[in-house]
Structures are given as C-alpha cells and as structure tokens.
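Listed below, chain by chain, are the residues.
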Amino acid sequence: MKTIGVDDLHVDQCHRCGGLWINATSKEQLLADPKAVKTIDTNPSAMGKRQDNITEIKCPLDHSVMIRMCPPQKKQVHYESCTICGGMFFDAGELREMTKVSLGQRLRSLLG
Ligand SMILES: [Zn+2]
C-alpha cells in the first residue's frame, strides 16, 4: 500500500491491484468530491474486476474480515466495508463509478 493525498485527504492504494483503502473519516469527504476521486482512482476498471473473485479481504487496520457491500443504485460496484473501524476498500475503478451518481444517492447508499 502507498499513501496518496489530495488536498487534506489521504487514501492508501494497493500497488498490486490498484484498489483503494479509505478510512472512515475520509470516506464521506472523498465521495463528495468527484474531482479528487478522478485524481486518486486512475487505474483501469478491468484491473479491479479481476479482484471481484476475491471474497475475503481483511481490513488493513484491524485485520477483521470485511463485508461486501452492493449499493442498490450501483449494482456493478462491490466494495468492502469494515464493521469494526468503518473503513472501505474499493477495487480499481469502483470509486469513480460511485461518484457518478448524485450526492444524495451516494449518501443514502453509504448510510443505507
Ligand atoms: Zn477496520
């Protein structure tokens, strides 16, 4: 993982799969900022699609197994969420996909 920063936001990116780890404090700010997302999530979606077969992803902070989330408005996106710390893991391209909807839809899908 390497840390990428845009303004005061920091996310961790896996150098192997291009996936993005977003901690609980950054996620809402980041999802409300499509410009920042475009800067951060630059890897091709095809790279992330391959990761969809991996079902057990562990949280980098507390090593608990993360649960797979399917936002109702974005059925092609499957991100992982940590029930302990509230962090999220997006495969490459999925964060871009998430920010293509309106802010209200995003918040509803997150808080769901
Ligand atoms: Zn966690």
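Below, the structure is looked at part by part.

About the criteria used
Position numbers for residues count from 1 along each chain, tracking the sequence in the order it is written. In keeping with the predicted nature of the model, local features appear solely for residues at pLDDT of at least 70, side-chain atom pairs appear and are counted solely at 80 or more, and the whole-chain, interface and lining totals rest on all residues. With hydrogens and water stripped out, all remaining heavy atoms of the structure feed into the side-chain values. Here the coordinating atoms are restricted to nitrogen, oxygen and sulfur within 2.8 Å of the metal centre, or 3.2 Å for Na, K and Ca, and because water is not among them the sites may look incomplete. Only protein chains enter the accessibility calculation, which uses a 1.4 Å probe; a residue whose area is less than 20% of its type maximum is buried, one above 50% is exposed, and one in between is partly exposed. Strands are treated as partners if at least two bridges between them are detected by DSSP. Secondary structure elements follow DSSP: runs of H or I no shorter than four residues count as helices, runs of E no shorter than two count as strands, and numbering proceeds from the N terminus. Orientation is described by lines fitted to C-alpha atoms, with helices fitted over the stretch in contact, and by angles between N-to-C directions that extend from 0 to 180 degrees. In this text, buried Ala, Val, Leu, Ile, Met, Phe, Trp, Tyr and Cys residues form a nonpolar core when linked through side-chain atoms within 4.5 Å. Contacts are assigned to residue pairs with any non-hydrogen atoms lying within 4.5 Å of each other. Only a pair of cysteine sulfur atoms within 2.5 Å counts as a disulfide in this structure description. Just to be clear on terms, a salt bridge is a Lys or Arg side-chain nitrogen sitting within 4 Å of an Asp or Glu carboxyl oxygen.

### Things to note about the coordination of the zinc ion
Right, so step 1: Listed as protein donors to the zinc ion are C59 (SG), D62 (OD), D62 (OD), C82 (SG) and C85 (SG); their distances from the metal cover 2.2 to 2.8 Å.
Right, so step 2: Assessed through its relative accessible area of 27%, D62 is described here as partly exposed.

### Focus on the sheet that holds strand β1 (residues 2-6)
Right, so step 1: Sheet architecture is open: six strands sit in the order β1-β2-β3-β6-β5-β4, paired in antiparallel fashion. Whereas interior strands pair on both sides, the edge strands pair on one side only; in this sheet they are β1 and β4 (67-69). Averaged over all pairs of adjacent strands, the angle between strand axes in this sheet comes to 30°, irrespective of strand direction.

### Concerning the environment of Q73
Right, so step 1: Its location among the elements puts Q73 in the loop between β4 and β5 (79-81).
Right, so step 2: Assessed through its relative accessible area of 32%, Q73 is described here as partly exposed.

### Quick look at the nonpolar core
Right, so step 1: Counting residues in hydrophobic clusters, the biggest one holds 18 residues, and the most contacted among them are V11, L30, I40, Y79, F90 and L95.
Right, so step 2: Of all the elements in the fold, those that place two or more residues in this core are β1, β2 (9-13), β3 (20-22), α1 (27-31), α2 (34-40), β6 (88-90) and α4 (94-98).
Right, so step 3: In terms of residues, this core owes the most to one element, α2, which gives three residues.
Right, so step 4: Discounting residues that sit within four places of it in the chain, V11 has contacts with K2, T3, I4, L20, W21, I22, L30 and I40.
Right, so step 5: One finds W21, I57, C59 and F89 within the second-largest nonpolar core, a separate group that totals eight residues.

### Quick notes on the state of the cysteines
Right, so step 1: Considering all chains together, one arrives at zero disulfides under this definition.
Right, so step 2: Left without a disulfide partner, C17 is nearest to the cysteine sulfur of C14, which lies 3.7 Å away.

### Focus: the pattern of salt bridges
Right, so step 1: Scanning the model with the defined rule gives four salt bridges in all.
Right, so step 2: Across the pair D41 and R96 runs a salt bridge whose closest N-O atoms are separated by 3.9 Å. With D41 in the loop between α2 and α3 (45-49) and R96 in helix α4, this residue pair connects regions lying 55 residues apart in the sequence.
Right, so step 3: D41 gets classed as buried once you look at its relative accessible area, which sits at 0%.
Right, so step 4: Residue R96 is classed as partly exposed on the basis of its relative accessible area of 23%.
Right, so step 5: With its nearest N and O atoms 3.6 Å apart, the salt bridge here joins K74 to E97. Placement of the pair is K74 in the loop between β4 and β5 and E97 in helix α4, with a sequence separation of 23 residues.

### Some points on the pairing of β2
Right, so step 1: Side-chain alternation along β2 places L9, V11 and Q13 on a buried face and H10 and D12 on a face that remains uncovered.
Right, so step 2: As defined by bridge partners, β1 adjoins β2 across five bridges and the pair is classed as antiparallel. By the bridge assignment, T3 is partnered in β2 with D12.
Right, so step 3: Taking the residues between adjacent antiparallel strands as the criterion, β1 and β2 are bridged by two residues, where D7 takes a positive phi near 50°.

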